[in-house]
Amino acid sequence: MANPFSRVGEVFGRVPRWVYVAAALVFAIVFPMLESYGLMQTLWLRLGTRTLVYVLLAVGLNLVLGETGLLHLGYVAFFAVGAYSTAILSSPRFDLQWNFWLIMVIAMLLAMLFGFIVGIPSLRLRGDYLAIVTLAFGEIVRMTLNNWEWLTNGPGGIPGIYPPVIFGWVVDQPAEFFYLLLVVVVIVVALVSNIKNSRIGRAWNALREDEIASHHSGVRPTQAKMLAVVMSSGIAGLAGAIFAYYQQFINPTYFLFMQSVIVVCMVVLGGMGSIPGAVLGAVALDATPEIIRQTFTTWLPRAVGSDFLPAVQAALQTDFDRYRMLIFGLVIVLMVIFRPEGLLPNQLWRREVHEEDPREIEHTRQHLFDFEEGRQDLEV
Amino acid sequence: MTLEHIFGLTVSGLTVGMIYALIALGYTMVYGVLQLINFAHGEVFTIGGYIAASTLIWIGVDATTPLAVKFAYFGLALLVSLVLTATLGFLIERIAYRPLRNRSRIIALLSAIGTSIFLQNLLVIVFGPQPIIMPTAVVPTGFVEIFGARIRVLQITIIVVSLLLMALLTWIVKGTRMGKAMRATSQDREAAEMMGIETNLTISFTFVVGSALAAIGGFLVAMYYGSLQFNTGFLYGLKAFTAAVLGGIGNIPGAVVGSLVLGLAENWGVGLNLGVLAWLFVGGLLLGLYFQLVRAPRFRIDHIAEEFRTPAYERRVRDVYRFAPVVALKTLFAERTDALLYVSAQHAVRLTAANVILLGLAVLFFVNGDVQFASKWQHVISFAVLMAILMFRPSGILGEHIQEKV
Amino acid sequence: MWSERARKFLALGLTVALVATLGLSGCARDETEEPDDTGATETIKIGVHTSLTGGLADYGFAAAEALKIAAEDLSGFEVDGVTYDIELVIKDDKGEPAEAPIVAQQLVDEGVVAVIGTLTSGAANAALPIYQAAGIPMISGSATAPDLTEQGFENFFRTCLRDDIQGAALGEWALELGAEKVVVMDDRGDYAVALANEVEEAVDAGGGEVLRQEGQEGEVDFSAQVSNISAFGPDVVIFTGYHREAGLLFKQLTEAGVEAQFMGGDGIKSDLIGEGAGGAENVEGALCTFGGFAQEGMPGFEEFAAKFRDATGEEVGPYAENNYDALGAVVAAMESAGSTDSADIISALFEVEFDGVMGTLAFDEKGDVSVPGGGSGTELVPRFEYTGGTWVYMP
């Protein structure tokens, strides 16, 4: 390996995986404490909480996009369904304040139901139709939320969402939300990793790699795909329900198509089919732009003087979003062309996209010799 | 519900349908040749319109310019736009799609989406977020009165120009060497290559032609509606893709038919009373019943091998269709069924479901005959059409014209 | 081998993030420990939460410039024997509710005692919980949605008229013009829909026949709506969205041969509407109302307009004077409370009566501005006509 990082990589690679997981967990647990001891601004805690929501979404979408190989472009619709469940059932809008657990269950079930509905027409079809159907479905949901004023108050949104009460504990501080989300993320990641390594997970991977071959090996494609879509919808609904509690206000502009694209970008960047990848992708794409922006617009000017690179400051202040999305678009294209396995790749997916590489075939022979050799075609 | 209202809506629907068609043709050609949804096509459309409009504004046409000079300027602007947009289409294929040609479809589609996002934001950075506006002095504003409805000359121009372009495209695909190469490439790329066809060149050509059509569409939108915004292409692209699927993707006449249907559905949907719309569902129901009771059983029976075609068996096939869902469900859940009956039963259940839904909608609409859909549901209608067509007839109205390699 | 590399990336990322967070939070802490017992003049931080980019950038620009002028004018006020200078902390939320909480948190972290903003009602709804939790007063010069002051937030105030007043005024005006058939159209944005609902109610109550239509913000094709409108044959077409879509809609209506009076809310009160319509002649004679007060008759307006022109080289933008007076209200409240504490400012704001550019203002118990000279509301809504490429005040 002529990679300059390879030696560093080997050193890091010798550390067992649980060490990294533990380090990440410790970091996540310590993170809100920094704020409560006044070591960090609350802003960062808020951004961290937002990142955790994206982590949840990325892990959920990874089930569909990464594990099963279906491009889902309306993922934010299920997020919206969850968020509106909370907003309607726990706000002054209809003067309701339902129990937190009940709302979580309703949000998940409702999102799963919607996932099922969108799955019926699209999963029997070729994979790329699913992309368009889900995209259209996402827009239908957003426009319906915007138009159905009796239920959702239309574009005005639903303000004043009550904080959740969990066993008598009122969650209303940013740090509390961070921990709540962290617990949810840990549970979801644990569940998803188990499923991934189960029969169902292997069926999904088989479908992704060769639908026809897997069909003939006893996988029922529509059912397996439906399961992935429904489960990931449930995760998005859960994320949305907590998100609405956290924001205390939602309206349809939170659920634009671009949000779905951002989550897709996270999964692609981190590595399709890899849970650590999804987590890393979410953290990288949600936190990095904000850190860059704060560095150039707040900290450096403060440290060096406000005239520090005024052009960069101005550009970041006015066109930040444009450049961010421009780079997101570019990231997707470059990643799929040059490193389709993502930053933290999953073994199988990596093999799949680099099959022509002799080094990789050798690697595959050494490590995964139980797979048939010389499978050439990926085109369907 | 006056006649001129219906007529006005129809002309508006046809006009917007023709514009959808110009974009949908690009989608459908690329899909036919590469089996790829060229997601960036909507952005190509916007960029084409932007370039043409800004060229016109830059030249500085106003109301005093003589007509002949005006037309020359229009031609010039269009030419600039065509050249640049076709180059863009060529580059998109070269940079974003060609390296991925042998990868799975989802990878190529991801690349297309990334390209689309990139181009849209590039457009904002170059031209700014404010829309580009055509001064009315530039645009011909004449009109004629037909059946009491006012039809703009520009609407007629759009319809005529689109029809001419479609005829030209049909000639290219059916009558030229390049068209033959395109058809061959779409059937089987490897075989076409072995026969000495330059598939790379053919694919590039497809992108160039599709982009040029989209650019003309963009220019017509800027002229007709008076404005283009950086994100206009997203919605138009999505609608045009819907139209392509509606007509049967990969199918050139299908794209045109689908576009017109979609344009009309959008305008009629929010312009006509439900009582009037209900008749469309009645028509659909009659068609659906014809399919279920006559066409589909006949089609199935024709596929039975001669030696098995006994009158009793034919009747069983017919009964599955005629007395669905009872007989069809019985067949589906029977312990021993033969494959043809099983497939027929599935098909019959689907057809019955569609017909029941059509009947329900027709009744619902007749009952609420005086109400009208609020115009806020316009886009929802077109997306609902997309979901409905995929649920009940995924191959589209005219069927797909692509060869599935499996 | 690859998962090794993966681990490496993860570890690197975590280390960098940890170091960065610690280091940066260190910076942040240093910032708050500024010693400031140097003399009788102190600096007080006031947050400006507005939208400098996005669709309403021109509104945000006007607000920010007006506030800069106000900060200069009002600096040097005295509270409890200490002279204070105002330092504005200006932040941009792009008019997006999703961004507003982040901006709000930044301002809270900066330690501002009061916030002027937000520009839009959606952002106000999203930011309010954070300012509420921090106990910081929030005074908007342009958030007009009625529900903002109906939710019982005690820290929200505004210096502009509510949509229900403006909507009623717009509807009444249409009826005054003798309209019997009125088209009310919105753009599905929160502001336009709220206003359109009020207009529809007012016209209905006045016995007019209403056709409600909807477009989408950012859309260019209104052909279905134009067909419907032209079949309805209205006397007045009221569009409650913003000037871009308004210009296009009015142009397409003109081209379709609809001869009606075009009207709109304050969203269309931009001179750019002429350009958007492809030529000022397409919207000549259009009428609009405004959510601020009539500038004619404002005691301090001429002086303010001159300063605004000097500072920016442009005419006074929309809601500039409302923002100016929002800062005026904060300063007056601090003076009357004798304190710069946020909680004291909030309670003083309910009491204080002060002279601003727009006249003598006060806030009612909900936080809405009580209008100068009293009155029920709709007669205070100023009216404008578009003539010769600009909006002209109609007394």
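Computed from a prediction, not measured in an experiment: that's the story for all the values here.

The rules behind each value
- The residue numbering used here restarts from 1 in each chain and proceeds along that chain's sequence as written.
- The lettering of chains begins at A and the numbering of ligands begins at 1, in the order of writing.
- A pLDDT threshold of at least 70 governs which residues receive local features in this predicted model, and a stricter bar of 80 or more applies before side-chain atom pairs are shown or counted, although totals over entire chains, interfaces and linings include all residues.
- Water and hydrogen atoms were dropped before computing side-chain values, which therefore reflect all heavy atoms in the structure.
- Each helix is a run of H or I in the DSSP string that is no shorter than four residues. Each strand is a run of E no shorter than two, and both are numbered from the N terminus.
- Three exposure classes are used, based on accessible area relative to the maximum for each residue type with a 1.4 Å probe and protein chains only: buried under 20%, partly exposed in between, and exposed over 50%.
- When checking whether two residues touch, look at their non-hydrogen atoms; a contact exists if any pair is within 4.5 Å.
- Exposure was quantified through the Shrake-Rupley algorithm and a 1.4 Å probe, taking into account, for residues, occlusion by the shown protein chains and nothing else.
- To count toward a patch, a residue needs a relative accessible area above 30% and no salt bridge. Like charges then connect within 9 Å, nonpolar side chains (Val, Leu, Ile, Met, Phe, Trp, Tyr) within 5 Å.
- Salt bridge, as used here: a side-chain nitrogen of Lys or Arg that lies within 4 Å of a carboxyl oxygen of Asp or Glu.
- When two rings of Phe, Tyr or Trp (its six-membered ring) have centres within 6.5 Å they constitute a pair, described as stacked for plane angles under 30 degrees, edge-to-face for angles over 60, and tilted for the intermediate range.
- We call a charge positioned above a ring when the Lys NZ or Arg CZ atom is no farther than 6 Å from the ring centre and deviates by at most 35 degrees from the ring normal.
- DSSP bridges decide pairing: two strands pair if at least two such bridges lie between them.
- Here, the term right-handed applies to a crossover whose path from the first strand over the helix to the second runs clockwise when the strands point away from the viewer.
- Only buried residues count toward a nonpolar core. Its members are Ala, Val, Leu, Ile, Met, Phe, Trp, Tyr and Cys residues joined through side-chain atoms within 4.5 Å.
- By convention, the term buried area covers the 1.4 Å-probe accessible surface removed from two parts as they join, with the contributions of both added.
- The term polar contact refers here to a pair of N or O atoms within 3.5 Å; inside protein, the definition further demands a hydrogen-donor-capable atom paired with an acceptor-capable atom, and it admits residues adjacent in sequence only when both atoms are side-chain atoms.
- Axis angles are defined between N-to-C directions and span 0 to 180 degrees, where every axis is a line fitted to C-alpha atoms and, for a helix, only to the segment in contact.
- Where a domain begins and ends is set by an automatic assignment or by a domain database.
- Angles below 35 degrees are treated as roughly parallel, those above 145 as roughly antiparallel, those between 65 and 115 as roughly perpendicular, and all remaining angles as oblique.
- For any helix crossing, the convention is left-handed if the near helix is rotated counterclockwise from the far helix by under a right angle, and right-handed if that rotation is clockwise.
- Here the nonpolar group is Ala, Val, Leu, Ile, Met, Phe, Trp, Tyr, Cys and Pro; Asp, Glu, Lys and Arg are the charged ones; every other residue, Gly included, is treated as polar.
- In a helix, the anticipated span is given by 1.5 Å times the number of residues less one.
- His residues and chain termini do not enter the charge count, which takes Lys and Arg as positive and Asp and Glu as negative.
- Think of each charge as sitting on NZ of Lys, CZ of Arg, CG of Asp or CD of Glu.

## Quick notes on the overall build of chain A
Point 1. Helix and strand counts for chain A come out as 16 helices and four strands.
Point 2. Counting over 380 residues, chain A shows a buried share of 59%.
Point 3. For chain A, the share of sequence-separated contacts (at least 6 apart) that also reach a separation of at least 24 residues comes to 74%.
Point 4. When the accessible area of chain A is evaluated, it comes to approximately 15,400 Å², of which 67% is carbon and sulfur surface.

## Observations regarding the environment of V153 of chain B
Residues and elements named next belong to chain B.
Point 1. Along the chain, V153 falls in helix 5 (residues 153-175).
Point 2. In this structure V153 comes out as partly exposed when scored by relative accessible area, which is 37%.
Point 3. Separated by ten residues in sequence, V153 and F143 place their C-alpha atoms 5.0 Å apart.
Point 4. Apart from the residues lying within four places of it in its own chain, the contact partners of V153 are G142 and F143.

## Observations regarding unusual backbone geometry
Point 1. Between G117 of chain C and the following residue, T118 of chain C, the backbone shows a cis peptide bond with an omega angle of -5°.
Point 2. Here T118 of chain C lies in the loop between strand 4 (114-117) and helix 4 (121-134).
Point 3. Positive phi is not limited to glycine here, since Q35 of chain B has a value of about 55°.
Point 4. Within the secondary structure layout, Q35 of chain B lies in the loop between helix 1 (3-34) and helix 2 (41-59).
Point 5. The buried category is assigned to Q35 of chain B, whose relative accessible area is 15%.
Point 6. Look at K94 of chain C: it is not a glycine, yet its phi comes out positive at around 60°.
Point 7. Residue classification places K94 of chain C among the buried residues on the basis of a relative accessible area of 12%.

## Brief notes about a nonpolar patch on the surface
All names here are of chain A.
Point 1. There is a patch of nonpolar side chains on the surface, built from V21, L25, V26, I29, V30, M33, Y37 and V186 and spanning about 690 Å² of accessible area.
Point 2. Considering every element that reaches the nonpolar patch, the biggest residue donor is helix 2 (residues 17-36), with six residues.
Point 3. Mapped onto the elements, V26 comes out in helix 2.

## Brief notes about the packing of aromatic side chains
All names here are of chain C.
Point 1. For the structure shown, the criterion picks out 43 aromatic pairs over all chains.
Point 2. Taking the centre distance of 4.8 Å and the plane angle of 25° together, the rings of F290 and Y319 count as stacked. Within this pair, whereas F290 is found in the loop between strand 11 (287-289) and helix 10 (301-312), its partner Y319 is found in the loop between helix 10 and helix 11 (320-337), the two being separated by 29 residues in sequence.
Point 3. Classification of Y319 as buried rests on a relative accessible area of 3%.
Point 4. Sitting above the plane of the F290 ring, K269 keeps its charged end 5.1 Å from the centroid.

## A look at the pairing of strand 4 of chain C
All names here are of chain C.
Point 1. Neither face of strand 4 is open: one carries A114 and I116, the other V115 and G117, and all of them are buried.
Point 2. In terms of strand pairing, strand 4 meets strand 5 (residues 138-140) through two bridges, oriented parallel. Bridge pairing in strand 5 links V115 to M138.
Point 3. Running through helix 4, the crossover from strand 4 to the neighbouring parallel element strand 5 is right-handed.

## Examining the nonpolar core
Point 1. Core analysis: the largest hydrophobic core is formed by 265 residues, its most contacted members being L65, L71 and L73 of chain A, F39 and Y236 of chain B together with F250 and L253 of chain C.
Point 2. Every residue in contact with L71 of chain A, bar those within four places of it in the chain, is listed here: L65, L130, A131, T134 and V264 of chain A together with I106, L109, L110 and I113 of chain B.
Point 3. By size, the runner-up hydrophobic cluster in this structure holds 51 residues, among which are V48, F157, M358 and V381 of chain C.

## Concerning the interface of chain B and chain A
Point 1. In this assembly, 51 residues from chain B lie in contact with 48 residues from chain A.
Point 2. Taking both sides of the interface into account, the surface hidden between chain B and chain A amounts to around 4,500 Å²; carbon and sulfur atoms contribute 74%.
Point 3. Our count for the chain B to chain A interface comes out at one salt bridge.
Point 4. Linking K376 of chain B and E149 of chain A is a salt bridge whose minimum nitrogen-to-oxygen distance equals 3.6 Å.
Point 5. At the junction of chain B and chain A, the tally comes to two residue pairs in polar contact (both at pLDDT 80 or more).

## Some words on the sheet that holds strand 14 (residues 369-370) of chain C
All names here are of chain C.
Point 1. If you walk across this open sheet you meet the three strands as 12-13-14, and the pairing is antiparallel. Only two strands of the sheet have a single neighbouring strand rather than two, namely strand 12 (353-356) and strand 14.
Point 2. Sheet topology places strand 13 (residues 359-363) next to strand 14; two bridges connect them, and they run antiparallel. Looking at the pairing, A362 lines up with S370 of strand 14.
Point 3. Contacts between helix 11 and the sheet are confined to strand 12 and strand 13, with strand 12 contributing the most and set at about 140° to the helix.

## Some remarks on the interface of chain B and chain C
Point 1. Listed per partner, the contact involves 35 residues of chain B and 29 residues of chain C.
Point 2. With both chains or domains summed, chain B and chain C bury close to 2,400 Å², and 48% of this area falls on carbon and sulfur atoms.
Point 3. Among the residues of chain B in contact with chain C, T136, Y225 and K376 of chain B are the three that bury the most area, contributing 25% of the side total.
Point 4. Run the count over chain B and chain C and you get one salt bridge.

## Thoughts on the domain arrangement of chain B
Point 1. Once the domains are mapped, chain B shows domain 1 (3-261) and domain 2 (275-371).
Point 2. Domain 1 of chain B and domain 2 of chain B are separated by 38 Å when their C-alpha centres are compared.

## Side note on the pattern of salt bridges
Pairing is possible between side chains that carry opposite charge, provided their charged atoms lie close to one another.
Point 1. The final tally for this structure, using the stated rule, is 31 salt bridges over all chains.
Point 2. A network of salt bridges, in which partner residues are shared, links R50, D286, E290 and R293 of chain A together with K94 and E99 of chain C.

## Points about the sheet that holds strand 3 (residues 82-92) of chain C
Residues and elements named next belong to chain C.
Point 1. The strand order across the open sheet formed by six strands is 2-3-1-4-5-6, and the pairing between neighbours is mixed. On the outer flanks of this sheet lie strand 2 (77-79) and strand 6 (156-158), each paired with one strand and no other. Each strand of the sheet is rotated relative to its neighbour by a mean of 35°, with strand direction disregarded.
Point 2. Sheet analysis places strand 1 (residues 41-50) next to strand 3, joined by ten bridges and oriented parallel.

## Description of the packing of helix 12 (residues 311-322) of chain B against helix 14 (residues 339-367) of chain B
The angle between the axes and the distance between the axes are what describe a pair of packed helices.
All names here are of chain B.
Point 1. Packing of helix 12 against helix 14 brings their axes to within 8 Å, and their N-to-C directions diverge by 25°. As summarised for this structure, helix 12 and helix 14 are arranged roughly parallel, according to the angle between their axes. The way helix 12 lies across helix 14 gives a crossing that is right-handed. Residues Y313, R316, V317, V320 and Y321 of helix 12 form the contact with helix 14, whose own contacting residues are L340, L341, S344, A345, H347, A348 and L351.
Point 2. Its residues placed into classes, the contact of helix 12 with helix 14 shows nine nonpolar, two polar and one charged.

## Some remarks on helix 4 (residues 75-89) of chain A
Point 1. For helix 4 of chain A, which comprises 15 residues, the first-to-last C-alpha distance of 22 Å matches the rise-based estimate of 21 Å (1.5 Å per residue) to within 8%.
Point 2. Within helix 4 of chain A, 15 of the 15 residues are buried, leaving the element largely enclosed by the surrounding structure.

## Some thoughts on the pairing of strand 15 (residues 383-387) of chain C
Residues and elements named next belong to chain C.
Point 1. By the alternation rule, side chains of strand 15 split into F384 and Y386, which are all buried, and R383, E385 and T387, of which none is buried.
Point 2. Judged from the three bridges that link them, strand 11 and strand 15 form a sheet pairing that is antiparallel. Across the sheet, residue T289 finds its bridge partner in strand 15, namely R383.
Point 3. Across five bridges, the pairing between strand 15 and strand 16 (residues 390-394) is antiparallel.

## What about the environment of Q252 of chain C?
Point 1. Mapped onto the fold, Q252 of chain C is located in helix 8 (residues 243-255).
Point 2. Residue classification places Q252 of chain C among the buried residues on the basis of a relative accessible area of 7%.
Point 3. Residues Q252 of chain C and N282 of chain C, 30 residues apart in the sequence, show an inter-C-alpha distance of 9.3 Å.
Point 4. Sequence-distant contacts of Q252 of chain C, that is, excluding residues within four places in its chain, are made with Y225 of chain B together with V220, D221, F222, S223 and V226 of chain C.
Point 5. Only 3.2 Å separates the side chain of Q252 of chain C from the backbone nitrogen of F222 of chain C, close enough to count as a polar contact.

## A few points about a positive patch on the surface
All names here are of chain B.
Point 1. Together, K174, R177, K180 and R183 make up a positively charged patch on the protein surface.
Point 2. The element that contributes the greatest number of residues to the positive patch is helix 6 (residues 177-187), accounting for three residues.
Point 3. Tracing the backbone shows K174 in helix 5.

## Side note on the packing of helix 1 of chain B against helix 6 of chain B
Residue and element names in this part refer to chain B.
Point 1. Packing of helix 1 against helix 6 leaves a shortest axis separation of 6 Å and a crossing angle of 55°. Overall, the two elements helix 1 and helix 6 adopt an arrangement that is oblique. Side by side, helix 1 and helix 6 meet where M29, G32 and V33 of the first sit next to M182, T185 and S186 of the second.
Point 2. Here the contact of helix 1 with helix 6 is built from residues that sort into three nonpolar, three polar and no charged.

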